[in-house]
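Secondary and tertiary structure notes
One letter stands for each residue in the lines below.
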Amino acid sequence: MDWIDRLDRRFGRHAIPHLMYFITGIMLAIYVADLVLGGQIIPMLTFSRSLILQGEVWRVVTFLFLPPNSSPIWILFSLYFYCIIGNGLEGAWGSFRFNVFYLVGALAAILSGFLTGASVNEYLNLSLFLAFAALYPEHQVLLFFVLPIKIKWLALLDLVYFALALVLGSWSVRAAVLLALVNILLFFGGPLVRNLKQQAGYWKTRQNFRRNNRRW
């Protein structure tokens, strides 16, 4: 991607290394604070267009750091998995490119919130997982801490979940899903198109070869 390479050369020195450590650290802090204060914190941080327009402007950003679930065990597993994903993407792309990927996804989530009135960080986080699966399809994790499974199969389930959300979800959910997928296409669309063209060229060459052989 030429555009991001140009940005990297110009602004790469400002990249935040190990970005997911900061994000998951804030998520954990919010989870603990909400647990201690009896569930009073998270409702104050969710995205609400009406409340933002009334002056609660922090909600534009704070919803991005809401913890993914409420289970004490699963919160630790989820945040640990986010760190693996973030480190994997950063290792493949470099800090700046990963920062841009997350920033674009965050801006997309914010945009969907202003368009529909509400937004969540769930689909942004799932887009990170899809990007990780695209780069490391053979990476293996222990599902439920026991069952070994490759990331590519979990990514298929992720895509099914996206599809169901598009069909069955509210308009705010549909907007969040579509904009999360736009972020994926922005970073992976070029290689995907080139691969499809290569496959189409291979198929065309094979068909021509078979057609010529039948003539003889």
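Just so we're clear, the structure is a prediction, and the values are computed from it rather than from any experiment.

**Some thoughts on the overall build of the protein**
If you tally the helices and strands in the protein, you get 10 helices and two strands. The order of α-helices and β-strands along the protein, N terminus first, is α-α-α-α-α-α-α-α-β-β-α-α. Sorting the 216 residues of the protein into buried and exposed places 38% on the buried side. Across the protein, contacts joining residues at least 24 apart in sequence account for 67% of those joining residues at least 6 apart. As displayed, the protein offers around 13100 Å² of accessible surface, 69% of which is attributable to carbon and sulfur atoms.

**Quick word on the nonpolar core**
Membership of the largest hydrophobic core comes to 54 residues, with the highest contact counts inside it found for L64, L89, W93, Y102, Y123, L128 and I151. Elements that contribute at least two residues to this core include exactly helix 2 (19–36), helix 6 (72–93), helix 7 (95–116), helix 8 (122–135), helix 9 (151–168) and helix 10 (171–215). Among the elements that line this core, the one with the most residues is helix 8, at nine residues. Beyond its immediate chain neighbours, meaning those up to four positions away, L64 contacts M27, Y102, A106, A109, I110, N121 and L124.

**Some thoughts on a nonpolar patch on the surface**
There is a patch of nonpolar side chains on the surface, built from L28, V32, V36, L37 and L76 and spanning about 450 Å² of accessible area. As for its placement among the helices and strands, L37 is situated in the loop between helix 2 and helix 3 (42–45). Residue classification places L37 among the partly exposed positions, given a relative accessible area of 44%.

**Overview of helix 7**
The terminal C-alpha atoms of helix 7, which comprises 22 residues, lie 32 Å apart, in line with the 32 Å expected from a rise of 1.5 Å per residue. G117, located one to two residues past helix 7, shows a positive phi value of around 105°.

**Some details on the packing of helix 7 against helix 8**
Where helix 7 meets helix 8, the axes come as close as 9 Å, and the angle between the chain directions of the two elements is 145°. The two elements helix 7 and helix 8 meet at a crossing, and its hand is right-handed. Within the contact between the two elements, helix 7 uses F98, F101, Y102, G105 and A106 and helix 8 uses L124, S127, L128 and A131. Of the residues belonging to the contact of helix 7 with helix 8, the class tally is seven nonpolar, two polar and no charged.

**Section: helix 8**
For helix 8, built from 14 residues, the straight-helix expectation of 20 Å at 1.5 Å per residue is met to within 8% by its first-to-last C-alpha distance of 20 Å. Extensive coverage of helix 8 is indicated by the burial of 11 of its 14 residues. When helix 8 is considered as a whole, its buried residues turn out to be Y123, L124, N125, L126, S127, L128, F129, L130, A131, F132 and A133.

**Let's talk about the packing of aromatic side chains**
Think of a pair of aromatic rings as described by two things: how far the centres are apart, and how the planes are tilted against each other in angle. As enumerated under the stated definition, the model contains 11 aromatic pairs in all. Judged by centre distance (5.2 Å) and plane angle (90°), the ring pair of W74 and F77 falls under edge-to-face. Highlighted residues: W74 and F77, both in helix 6, separated by three residues, approximately one helical turn. By relative accessible area, W74 is classed as partly exposed at 33%. Ring centres 4.9 Å apart and planes at 40° place the aromatic pair F132 and Y136 in the tilted group. Geometry around W171 places R174 over its ring, the cationic atom sitting 4.6 Å from the centre.

**Focus on the confidence of the model for the protein**
In regions of low pLDDT, the predicted coordinates are not meant to be interpreted in detail. On average, residues of the protein score 82 in pLDDT, and 84% of them reach the 70 mark or higher. When mean pLDDT is compared element by element in the protein, helix 5 (residues 59–62) scores highest at 95, while helix 10 scores lowest at 63. The model gives residues 192–202 a pLDDT under 50, and that stretch makes zero contacts with residues more than four places away or in other chains.

Definitions and limits used
Per chain, residue numbering runs from 1 following the sequence as it is written. Given that this is a predicted model, residues contribute local features only at a pLDDT of at least 70 and side-chain atom pairs are listed and counted only at 80 or more, while totals for whole chains, interfaces and linings are drawn from all residues. Side-chain descriptors were evaluated using all non-hydrogen atoms of the structure, hydrogens and water having been removed beforehand. Each helix is a run of H or I in the DSSP string that is no shorter than four residues. Each strand is a run of E no shorter than two, and both are numbered from the N terminus. Throughout this description, buried means an accessible area under 20% of the type-specific maximum (1.4 Å probe, protein chains only), exposed means over 50%, and partly exposed covers the range between. Note on definitions: a residue-residue contact is assigned when non-hydrogen atoms from the two residues lie within 4.5 Å. Where accessible areas are quoted, they stem from the Shrake-Rupley method and a 1.4 Å probe; at the residue level, only the protein chains shown are allowed to cover. Here, the term nonpolar core denotes a set of buried Ala, Val, Leu, Ile, Met, Phe, Trp, Tyr and Cys residues that are joined through side-chain atoms within 4.5 Å. Here, patches come from residues exposed beyond 30% relative accessible area and free of salt bridges, joined within 9 Å for like charges and within 5 Å for nonpolar side chains (Val, Leu, Ile, Met, Phe, Trp, Tyr). Whenever a carboxyl oxygen of Asp or Glu lies within 4 Å of a side-chain nitrogen of Lys or Arg, that contact is scored as a salt bridge. Every helix has an expected span of 1.5 Å times one less than the residues it contains. Angular values range over 0 to 180 degrees, each being the angle between N-to-C directions of two axes fitted as lines to C-alpha atoms, with helices fitted over their stretch in contact. Two helices crossing with the near one rotated counterclockwise from the far one by less than a right angle form a left-handed crossing, whereas a clockwise rotation gives a right-handed crossing. Residues are sorted three ways: Asp, Glu, Lys and Arg are charged, Ala, Val, Leu, Ile, Met, Phe, Trp, Tyr, Cys and Pro are nonpolar, and all the rest, Gly among them, are polar. Two aromatic rings from Phe, Tyr or Trp, using only the six-membered ring of Trp, form a pair when their centres are within 6.5 Å; if the ring planes differ by under 30 degrees the pair is stacked, by over 60 it is edge-to-face, and anything between is tilted. Two thresholds decide whether a charge sits over a ring: the Lys NZ or Arg CZ must be within 6 Å of the ring centre and within 35 degrees of the ring normal. On a range of 0 to 100, pLDDT expresses the predictor's confidence in each residue.

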